[in-house]
Amino acid sequence: MRRALLAITGLAAGTTALVVLKGAPGAGQAMPDVPAALAPVVPGGSAAPEPPSPTGSAPGGVTPSPRASSKPTPKPSADRSAASRGGTRTSTAPAAPRTTTSAPKVTTRTVTGPSVTYEYGSLQVRITLSGSRIVDATAIGLPLGGQSGQRSDDVQARYSGTSGEVVARQSANLSTVSGATYTSTAYKQSLQAALDKA
């Protein structure tokens, strides 16, 4: 009989201890934090109160959960209505223009001045330009032979070619060739007209 009484008392004490330990808030599985919006509803129509925190230091015995929030967090919006409400409008900056490292192509062209008649005949000046720079010049239709031909050769040698005075000065402001004033003047007139066309 004594043994039966001890067994019943031990069983009752063990069951009580088990119930107390299982029911303690810090023991076993922790109760997950449930947002207020998802908390079970009590038949009176209000949400069930949150269980007290294991540390329980907040006033009223309730500790607010950092994850529980009564307001949903708004998602960032990129539309115009967000900008009108004072929200931040996100936009993508336009891409910067592409730059190339290669030099632009320089165009070479030829321009011919009008035919200018002078005392010994007529002549035209043809210039070659690379971009806006004169790179060559020559006279066309100069008289050949005799004294006129000699004067023409002197003018051509002084003004024309890639290393002549026209390329060096890049203008029609040329010095007059001694002994070939008429030919020099006609050359400069045709050259100036070619430069005006260029």
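What counts and how
Residues numbered from 1 in each chain as written. Predicted model: local features only at pLDDT ≥ 70, side-chain atom pairs only at ≥ 80, totals over all residues. Heavy atoms only, no water. Helix = DSSP H or I, 4+ residues; strand = E, 2+ residues; numbered from the N terminus. Buried < 20%, exposed > 50% of the residue type's maximum accessible area, 1.4 Å probe, protein only. Contact = heavy atoms within 4.5 Å. Areas by Shrake-Rupley, 256 points an atom, 1.4 Å probe, with all protein chains shown as cover. Polar contact = N/O pair within 3.5 Å; in protein donor to acceptor, adjacent residues only side chain to side chain. Expected span 1.5 Å × (residues − 1). Arc of directions from axis to C-beta. Salt bridge = Lys/Arg side-chain N within 4 Å of Asp/Glu carboxyl O. pLDDT = per-residue confidence, 0-100. Lys, Arg positive; Asp, Glu negative; His and termini not counted.

Peer 1: Go over the overall build of the chain, please, and point to the residues and values.
Peer 2: If you tally the helices and strands in the chain, you get five helices and four strands. Along the chain, helices and strands appear, N-terminal first, in the series α-α-β-β-β-β-α-α-α. Burial status across the chain gives 21% buried among its 198 residues. Expressed as a percentage of contacts within the chain between residues at least 6 apart in sequence, the contacts between residues at least 24 apart total 41%. Summing over all exposed atoms, the chain offers an accessible surface of approximately 14600 Å²; the carbon and sulfur share of this is 58%.

Peer 1: Give a description of the side chain of Ser190 that names residues and reports values.
Peer 2: Tracing the backbone through its elements, the reader meets Ser190 in helix H5 (residues 181-197). Within the structure, the side chain of Ser190 is placed 2.9 Å from the backbone nitrogen of Val125, a separation counted as a polar contact. Non-local contacts of Ser190, meaning those with residues more than four positions away in its chain, are made with Gly113, Pro114, Val116, Leu123, Gln124 and Val125.

Peer 1: Please set out the environment of Thr107 residue by residue, giving values where relevant.
Peer 2: Along the chain, Thr107 falls in the loop between helix H2 (80-84) and strand E1 (108-112). Classification of Thr107 by relative accessible area gives exposed; the value is 51%. Note: C-alpha distance between Thr107 and Ser132 (25 residues apart in sequence) is 9.0 Å. Once you skip the residues sitting within four places of it in the chain, Thr107 turns out to touch Leu129, Ser130 and Gly131.

Peer 1: For helix H3 (residues 146-159), give the residues involved together with the corresponding values.
Peer 2: Spanning 14 residues, H3 covers 20 Å between terminal C-alpha atoms, matching the ideal 20 Å at 1.5 Å per step. By the burial criterion, the buried members of H3 are Ser148, Gly149, Arg151, Ser152, Val155 and Tyr159. Seen from one end, H3 has its buried residues packed into an arc of 160°, which puts them on one side. Residues Gly146, Gln147 and Ala157 are exposed on H3 and point more than 90 degrees away from its buried face.

Peer 1: For the environment of Val106, give the residues involved together with the corresponding values.
Peer 2: Along the chain, the position of Val106 falls in the loop between H2 and E1. Separated by 24 residues in sequence, Val106 and Ser130 have C-alpha atoms that sit 6.4 Å apart. Leaving out residues up to four positions away in the same chain, Val106 has contacts with Ser130 and Gly131.

Peer 1: Tell me about the pattern of salt bridges, residues and numbers included.
Peer 2: Enumeration over the complete set of coordinates arrives at two salt bridges. Here Arg158 ties to Glu165 by a salt bridge, and the two come within 3.8 Å at their closest N and O atoms. Its relative accessible area of 11% is what places Glu165 among the buried residues. As a salt-bridge pair, Arg169 and Glu165 come within 3.5 Å of each other at their nearest N and O atoms. On the criterion of helical spacing, the pair formed by Arg169 and Glu165 is a turn pair, its members being four residues apart in helix H4 (residues 165-169). Within the structure, one salt-bridge network assembled from shared partners comprises Arg158, Glu165 and Arg169.

Peer 1: Please set out the confidence of the model for the chain residue by residue, giving values where relevant.
Peer 2: The pLDDT averaged across the chain works out to 76; a share of 60% of its residues lies at or above 70. Summarising per-element confidence for the chain, the mean pLDDT is lowest in H2 (49) and highest in H4 (97).

Peer 1: Any chance you could break down the side chain of Lys188 for me, citing the residues and the numbers?
Peer 2: If you trace the backbone, Lys188 turns up in helix H5. Buried within the structure, Lys188 lacks any salt-bridge partner; Glu165 is the closest side chain of opposite charge, at an N-O distance of 7.5 Å. In contact with Lys188, not counting residues within four places along its chain, are Tyr159, Ala172, Leu174, Ser175 and Thr176.

Peer 1: A description of H5 should follow, citing residues and the corresponding values.
Peer 2: Helix length check: H5 (17 residues) gives 25 Å between terminal C-alpha atoms against 24 Å at 1.5 Å per residue, within 8%. Listed in full, the buried residues belonging to H5 are Thr183, Ser184, Ala186, Tyr187, Lys188, Ser190, Leu191 and Ala194. Those residues of H5 hidden inside the fold are in contact with E1, strand E2 (116-118), strand E3 (121-130), strand E4 (133-140), H3 and H4.

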